[in-house]
Amino acid sequence: IDATTDLFAEIERLKKEKNAIVLAHYYQEPDIQDVADYIGDSLGLAQKAAQTNADMIVFAGVHFMAETAKILNPSKKVLLPDLKAGCSLADSAPGPQFKAFKDKHPGHLVVSYINCTAEIKALSDIICTSGNAEKIIESIPEDQPIIFAPDKNLGAYLNKKTGRDMLLWNGACMVHEIFSLEKITKLKIRHPKAKLLAHPECEEPILRIADYIGSTTQLLKFAVKDDSREYIVATETGILHQMQKDAPNKTFIPAPPNNSCACNDCPHMKLNTLEKLYLCMEYELPEITMEENLRLAAKKPIDRMLEISK
Ligand code: 13P
Ligand code: SF4
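These numbers come from a predicted model, not from an experiment.

Rules of the game
Residues numbered from 1 in each chain as written. Chains lettered and ligands numbered in written order. Predicted model: local features only at pLDDT ≥ 70, side-chain atom pairs only at ≥ 80, totals over all residues. Helix = DSSP H or I, 4+ residues; strand = E, 2+ residues; numbered from the N terminus. Rg over C-alpha atoms; globule rule 2.2 N^0.38 Å. Buried ≥ 20, exposed ≤ 12 C-beta atoms within 10 Å, placed from the backbone. Contact = placed C-beta atoms within 7 Å. Axes fitted to C-alpha atoms, helices over the stretch in contact; angles between N-to-C directions. Parallel < 35°, antiparallel > 145°, perpendicular 65-115°, else oblique. Left-handed = near helix turned anticlockwise from the far one by under 90°. Near = placed C-beta within 6 Å. Nonpolar A, V, L, I, M, F, W, Y, C, P; charged D, E, K, R; others polar. Domains from an automatic or database assignment. Expected span 1.5 Å × (residues − 1). Pairing = 2+ DSSP bridges. Arc of directions from axis to C-beta. Right-handed = clockwise from strand over helix to strand, strands pointing away.

## Observations regarding the overall build of the protein
Move 1: Secondary structure assignment for the protein yields 15 helices and 12 strands.
Move 2: For the protein, whose C-alpha radius of gyration is 19 Å, the value lies close to the compact-globule estimate of 19 Å for 310 residues.
Move 3: Counting only residues that meet the buried cut, the protein has 46% of its 310 residues in that class.
Move 4: Taking the contacts inside the protein whose residues are at least 6 apart along the sequence as the reference set, 64% of them involve residues at least 24 apart.

## Digging into the packing of helix 3 (residues 42-51) against helix 4 (residues 63-72)
Move 1: Orientation of helix 3 relative to helix 4, taken along the N-to-C sense of each, is 30 degrees, at an axis distance of 9 Å. By the criterion of interaxial angle, the relationship of helix 3 to helix 4 is roughly parallel. Regarding helix 3 and helix 4, the two cross each other, and that crossing is right-handed. Residue-level inspection shows S42, L45, A46, A49 and A50 of helix 3 in contact with helix 4, the latter providing M65, T68, A69 and L72.

## Remarks on the site of ligand 1
Move 1: As a matter of local geometry, ligand 1 sits amid 13 residues, with D41, S42, S130, S215 and T216 nearest to it.
Move 2: When grouped by side-chain class, the residues that make up the shell around ligand 1 number 3 nonpolar, 8 polar and 2 charged.

## Let's talk about the domain arrangement of the protein
Move 1: When its domains are assigned, the protein resolves into domain 1 (7-85 + 269-289), domain 2 (89-173 + 298-308) and domain 3 (181-254).
Move 2: Of note, the centres of domain 2 and domain 3, computed from C-alpha atoms alone, are 26 Å apart.
Move 3: Taken residue by residue, the interface counts 9 residues in domain 2 and 10 residues in domain 3.

## So, the packing of helix 1 (residues 7-18) against helix 14 (residues 274-283)
Move 1: Taken N-terminus to C-terminus, the directions of helix 1 and helix 14 make an angle of 30 degrees; their axes are 10 Å apart at the nearest point. It follows from the interaxial angle that helix 1 and helix 14 lie roughly parallel. The handedness of the crossing between helix 1 and helix 14 is left-handed. Two secondary-structure elements touch here, helix 1 through L7, E10, I11, L14 and K18 and helix 14 through L274, E275, L277, Y278, M281 and E282.

## Thoughts on helix 1
Move 1: Taking 1.5 Å of rise per residue, 12 residues should cover 16 Å, and helix 1 covers 16 Å from first to last C-alpha, within 8% of that figure.
Move 2: Residue N19 follows helix 1 closely and has a positive phi angle near 45 degrees.

## Quick look at the pairing of strand 9 (residues 195-198)
Move 1: Pairing geometry for strand 9 and strand 11 (residues 230-234), over 4 bridges, is parallel. In the sheet register, L196 faces strand 11, and the bridge partner there is I232.
Move 2: With 2 bridges connecting them, strand 9 and strand 10 (residues 212-213) associate as parallel partners. Among the inter-strand pairings, L197 is bridged to a residue of strand 10, identified as Y212.

## Side note on the sheet that holds strand 10
Move 1: Strand order in the open sheet formed by 4 strands is 10-9-11-12, and the pairing between neighbours is parallel. The sheet is open, and its two borders are formed by strand 10 and strand 12 (251-254), each paired with just one other strand.
Move 2: Each of strand 9, strand 11 and strand 12 is contacted by helix 10 (residues 181-190), which is oriented at about 175 degrees to strand 11, the strand it contacts most.
Move 3: Packing against the sheet, helix 13 (residues 239-246) makes contact with strand 11 and strand 12, and its axis sits at approximately 170 degrees to strand 12.

## Quick look at the site of ligand 2
Move 1: What surrounds ligand 2 is a group of 13 residues, the closest being C87, S88, C173, V175 and C266.
Move 2: Broken down by class, the residue content of the shell around ligand 2 amounts to 9 nonpolar, 3 polar and 1 charged.
Move 3: Formed jointly, the shell around ligand 2 draws a minimum of three residues from each of two domains, domain 1 (7-85 + 269-289) and domain 2 (89-173 + 298-308).

## Topic: helix 12 (residues 216-225)
Move 1: Of the positions making up helix 12, those classed as buried are T216, T217, L219, L220 and A223. Projected onto a plane normal to the axis of helix 12, the buried residues spread over an arc of 165 degrees and lie on a single side.
Move 2: Looking at the buried residues of helix 12, the elements they touch are strand 2 (38-40), helix 3, strand 9, strand 10, strand 11 and helix 13.

## Topic: the pairing of strand 12
Move 1: Strand direction decides the pairing type here: strand 11 and strand 12, joined by 4 bridges, are parallel. Paired with E230 across the two strands is T251, which belongs to strand 12.
Move 2: Crossover connection from strand 11 via helix 13 to parallel strand 12: handedness right-handed.

## Details of the environment of W169
Move 1: Relative to the elements of secondary structure, W169 occurs in the loop between strand 8 (167-168) and helix 10.
Move 2: Owing to 24 C-beta atoms within 10 Å, W169 belongs among the buried residues under this scheme.
Move 3: Taking the C-alpha atoms as reference points, W169 and K102, 67 residues apart in sequence, are found 9.9 Å from one another.

## Notes on the sheet that holds strand 6 (residues 126-128)
Move 1: Sheet architecture is open: 4 strands sit in the order 6-5-7-8, paired in parallel fashion. Looking at the sheet topology across the chains shown, the edges are occupied by strand 6 and strand 8.
Move 2: Note: strand 7 (residues 146-149) against strand 8, 2 bridges, orientation parallel. Counted as the bridge partner of I147 is L167 from strand 8.

See the structure below:
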């Protein structure tokens with residue numbers, strides 16, 4: 001390819017030629033979102049991956065998302081444009097340490113947030129996403145002790161919402177822990193009518209002052225149907241692209257990070273580029289592969305989640 005290559009046209013051609021579907025998360029760069037067949041939150045993406053009849057799934061997201069698609073589609077080719085697109089939250093729960101933690105607390109049911117490795121999924125009883133977490137927790141008998149992993153912020157938020165006392169693994173997302181309460185408060189003074197939209201991976205002080213909390217899809221839907229004109233958005237900046245597209249007359253302001261050198265971009269999500277997406281479709285690499293016993297063990301708690309989320 002060279003500077004004159006029309007990557008959009010080439011990707012469309014490859015989709016048809018290879019019967020491929022491009023699934024993208026809202027945190028992907030705008031060009032990737034625009035070329036995707038489906039854009040969604042982690043729940044929507046898992047549901048779409050479970051239903052597709054494409055031969056090839058090109059996952060414009062991070063590793064755990066593509067891995068989930070592979071767990072659900074063992075016979076399909078699942079590609080990730082950059083294999084290094086990981087996740088700080090998934091990295092915060094290494095398999096052996098989590099296994100030791102689980103063994104120390106027998107009798108607990110393990111609910112894991114989908115942002116974790118296949119190894120952690122295989123050690124879990126049920127998976128959840130930010131879009132269905134409350135529903136999943138509510139489906140478990142109240143007297144059942146629960147371990148929630150790996151996100152302590154989402155876990156604390158769920159404990160508060162559901163009145164449970166789940167044991168929390170000490171993990172967090174590097175992007176959602178970056179927001180400054182002080183700077184958001186100052187911004188709200190300058191924009192008194194702006195509503196604060198926050199993802200539940202944010203820390204408790206941010207969630208406490210939020211007007212609406214939800215997954216990326218839920219934040220987007222709220223922003224479109226709500227009657228305010230201005231919003232401060234406390235999540236990764238990629239979502240602003242769809243918010244601006246779906247509600248062109250509204251203003252969306254990224255929530256300020258605590259350090260002016262930092263930004264709200266996820267460095268993992270942003271490893272994928274349109275060029276890498278094209279190359280991975282052309283050469284069918286890098287491909288996600290998985291050992292069958294691990295896949296089967298990781299599939300069980302995902303199936304349970306999909307069943308409850310129907
Ligand atoms: P959702 O899109 O499911 O809200 O997840 C957010 C996220 O951090 C994904 O990495
Ligand atoms: Fe992981 Fe956070 Fe990036 Fe999502 S935004 S992929 S949780 S590091």
